[in-house]
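Analysis of the macromolecular model
Here's the letter readout for the chains.
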Amino acid sequence: MKRLTIETKQKMQGLGFLSFWIVGLLVFWLYPLIYSFAMSLNKINIQAEDLVWEFIGFANYRQLIFLDTGFWDIWIPFFLQSLVMIPIIILFSIICALFLNQRFPGRSFFRVIFFLPVIFTTGGVIISLLTANSGGATAATNTLTLQVLQDESMRTFIAENFDPRIAATVTDILDTFVIILWYSGVQTVLLLAGLQSIPSTVYEAAEIDGANGWETLWKITLPGLLPFILIAAVYSVVDQFTMPDNPMMGMIRWNMYEGSRGMGYASAIGWLYTGFIMVILGLIFVIFRKAFVQKEGA
Amino acid sequence: MLQKIQHNLEYFMHHRRALRLRTKALLLGTNKEKQGLLKYVVIYFILISLALIYIAPVVSMVSTSLKTFSDLIDPTAKWIPKNWNPVNYKYAFNALRMVVTFHDDFTLWENLRRSSLFNTLSIVLPSALFQVLSCAVAGYAFGRLKIPWKNFWFVLLILTFVVPPQAMMIPLIWTYRTYGLLDTPFAFIVPAFFGHGVKGALFVFIYMQFFKKLPKELEEAALIDGIGPIKMFWKVMLPLARPSIIVVFLFSIVFHWNENLLTQYFYLGAQTLPQALTGLQPEGNPTELFIVPVKMAAGIIELAPLLILYFFMQRWFTESIERTGLVE
């Protein structure tokens, strides 16, 4: 037998270690993904435990985008809400991480508190908290908002001066402001890890050059943190759009067993939704790339 | 007396400059090692206010869970209930169906599956254990080994994280049905075994970042000792990865325990804890049963095991985050 070169041998070893993951990728990700795209191009009927396929091309998408208003009615408010929420989450997690990175007694105690929402925000508890605080709740019992944000004159100002759809989004956000802050738990962890990775020698050099704390923050800490902010942004987008109480999920499930539309139509919703999320993520990457380029140019 | 004050005043006027400097040093700090009081005051003020905002809903959850109806509508009893009503917990506990009395007509498996606690545990424990190991293997390959088309696989890794499960939910349910995975914990355990499953890509990523950082000399020394690739991973690399293992294990348990999206599709015949919580329908004496306090009590019961685990592991956890660096 021909002896393998070291290079090939190493590659085979690498592939061996990765093989489990690749098998899982094909079976649990790629296969359903392609299958689902094929479904979205068909009209599918369930007959006696079997699927009956009928190829209709992009008709599902056409109906979804141009004929039915259901998709837009759910997507637009949801998108607007996320558009406001995600920057708040990122800003808040940056502030939290910056403070938790300072050296002071009791730091570990605060870290315990600020990582706590990671446990709360991923489950069903958050849903019951949200439902308990909406509808019947009065300002006195609502703890998900801050007293400052409940100011009546501000609310009437918003209601009078904005488009009703935007106004509803804004008041919704004000009502559940604390929950939005809660969603920043994982991001704070990521950014804190990022802060630790900036070498202390850079700070020492800045100090010798006579930079004060404020200048150090803008010239060293934040630029060094930029890749982590990108990761936190991507995580926030993914997290926000795959939330279990997400209105889009309900729509897909509802359409799945609905006779006239069926699984093909539901798959098309899933794909259109994925498409939008990809566009958002793409935009984030473009913005950050610009920031990176500027940093290098300066 | 008067003389003494005068003396002090003179002393003060004389040493004004020295005092001012000392006060300034105390407030603003002199150098990196000895930081000023003012900085601490600012840090504590901001962090304590943020912590209060953060904790307020949890505190209100606890207090609401102990309220009677009259306290519920009484704004003066917002934080501390006037009449403590622990019976809410009894109702919540029963409604969550964590413990189920055994029926002779059913098989053991059918009996166990009527318990939401069993359903959740049977997903959480095996999946978390498998993910800790399988994601470490994949992360090691990504972080340290030579793989053909590495960038291609890496892009796919990112995509598995980014593409929402909504896009492929339907065929996934359909194929799971034909494999007979539906309605069993294996719907979660099998993907976890292959290094995927709930947030699997994130865990592979965490491991990858960790293994990447280890010094090259480590491998060279081990190679000189004539160690094989599997032994290298098992005996050298994995024991070093303890901080990552802790982070991944805790995250995996939390994410699986709270999993409420996939279970909606995969668990139709049985209920997990979060499902039981969302569809909570407590039964009992209508004069003392009110849904909101019972729901809050149920939420606390559901999260209690995670909170206990977190408080026991938090020391390791916060330290691990610093040491893993998580991402780069």
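Just so we're clear, the structure is a prediction, and the values are computed from it rather than from any experiment.

Points about the overall build of chain B
For chain B, the helix and strand inventory stands at 17 helices and zero strands. Its C-alpha atoms put chain B at 95 × 75 × 35 Å along the principal axes. Burial analysis of chain B (328 residues in total) assigns 41% to the buried set. Counting only contacts in chain B whose residues sit at least 6 apart along the sequence, the fraction spanning at least 24 positions is 72%.

Focus on the overall build of chain A
Helix and strand counts for chain A stand at 13 helices and two strands. For chain A, the proportion of its 298 residues judged to be buried stands at 33%. Put simply, of all contacts in chain A between residues at least 6 apart along the chain, 74% involve residues at least 24 apart.

With respect to the domain arrangement of chain B
Examined at the domain level, chain B breaks down into domain 1 (2-91) and domain 2 (96-279). Using C-alpha coordinates to define each centre, domain 1 of chain B is positioned 42 Å away from domain 2 of chain B.

Digging into the pairing of strand β2 (residues 50-55) of chain A
Residues and elements named next belong to chain A. Here β2 lies mainly on the outside; zero of its six residues are buried. Inspection of the sheet shows strand β1 (residues 42-47) paired to β2 by six bridges, in the antiparallel sense. Bridge assignment links asparagine 42 to a residue of β2, and that residue is phenylalanine 55.

Points about the interface of chain B and chain A
By a widely used convention, the size of an interface equals the accessible area lost when the partners come together. With 70 residues of chain B at the contact, the number on the chain A side is 74 residues. Those elements that provide at least two residues to the side of chain B that touches chain A are α3 (37-65), α7 (116-144), α8 (150-162), α9 (169-179), α14 (242-257), α16 (273-278) and α17 (291-324) of chain B. Across the side of chain B that touches chain A, the residue classes break down as 50 nonpolar, 14 polar and six charged.

Thoughts on the nonpolar core
Residue and element names in this part refer to chain B. By size, the foremost hydrophobic cluster in this structure holds 136 residues, and its most contacted members are Tyr140, Val204, Tyr207, Val248 and Val254. The dominant element in this core, judged by the number of residues it contributes, is α7, at 12 residues. A domain-level breakdown of this core finds at least three residues from each of domain 1 (2-91) and domain 2 (96-279). Beyond its immediate chain neighbours, meaning those up to four positions away, valine 248 contacts Gln131, Val132, Cys135, Phe203, Ile206 and Tyr207.

What about unusual backbone geometry?
All names here are of chain B. One non-glycine residue, arginine 97, lies in positive phi territory at about 55°. Relative to the elements of secondary structure, arginine 97 occurs in the loop between α5 (87-95) and α6 (108-113). On the basis of neighbour count, arginine 97 is assigned to the partly exposed category, with 16 C-beta atoms found within 10 Å. Positive phi values are uncommon outside glycine, yet lysine 199 reaches one of about 55°. Assignment of secondary structure puts lysine 199 in the loop between α10 (186-193) and α11 (200-213). Here lysine 199 falls in the buried class, since 24 other C-beta atoms lie within 10 Å of it.

Examining the packing of α11(B) against α14(B)
Residue and element names in this part refer to chain B. At their nearest, the axes of α11 and α14 sit 10 Å apart, and the two run at 170° to each other. Looking at the two axes, α11 sits roughly antiparallel to α14. Residues Phe203, Ile206, Tyr207 and Phe210 of α11 form the contact with α14, whose own contacting residues are Ser244, Val247, Val248 and Ser252. A breakdown of the residues in the contact of α11 with α14 according to their chemical character gives six nonpolar, two polar and no charged.

Regarding α10(B)
Burial within α10(B) is extensive, with eight of its eight residues counted as buried. Turning to α10(B), its buried residues are B:Phe186, B:Ala187, B:Phe188, B:Ile189, B:Val190, B:Pro191, B:Ala192 and B:Phe193. Here the buried face of α10(B) lies against α1 (6-40) of chain A together with α7, α9, α14 and α15 (262-266) of chain B. At the exit of α10(B) stands B:Gly195, carrying a positive phi of roughly 80°.

Notes on the packing of α1(A) against α7(B)
Relative to each other, α1(A) and α7(B) sit at 140°, their axes nearing to 8 Å. Comparing the axis directions of α1(A) and α7(B) gives the class oblique. Where α1(A) crosses over α7(B), the two elements pack in a sense that is left-handed. Packed against α1(A), whose contacting residues are A:Gly14, A:Phe17, A:Leu18, A:Phe20 and A:Trp21, the element α7(B) presents B:Ser134, B:Val137, B:Ala138, B:Tyr140 and B:Ala141 at the interface.

What counts as what
Residues numbered from 1 in each chain as written. Chains lettered and ligands numbered in written order. Predicted model: local features only at pLDDT ≥ 70, side-chain atom pairs only at ≥ 80, totals over all residues. Helix = DSSP H or I, 4+ residues; strand = E, 2+ residues; numbered from the N terminus. Buried ≥ 20, exposed ≤ 12 C-beta atoms within 10 Å, placed from the backbone. Contact = placed C-beta atoms within 7 Å. Domains from an automatic or database assignment. Pairing = 2+ DSSP bridges. Nonpolar A, V, L, I, M, F, W, Y, C, P; charged D, E, K, R; others polar. Core = buried A, V, L, I, M, F, W, Y, C linked by C-beta atoms within 7 Å. Axes fitted to C-alpha atoms, helices over the stretch in contact; angles between N-to-C directions. Parallel < 35°, antiparallel > 145°, perpendicular 65-115°, else oblique. Left-handed = near helix turned anticlockwise from the far one by under 90°.

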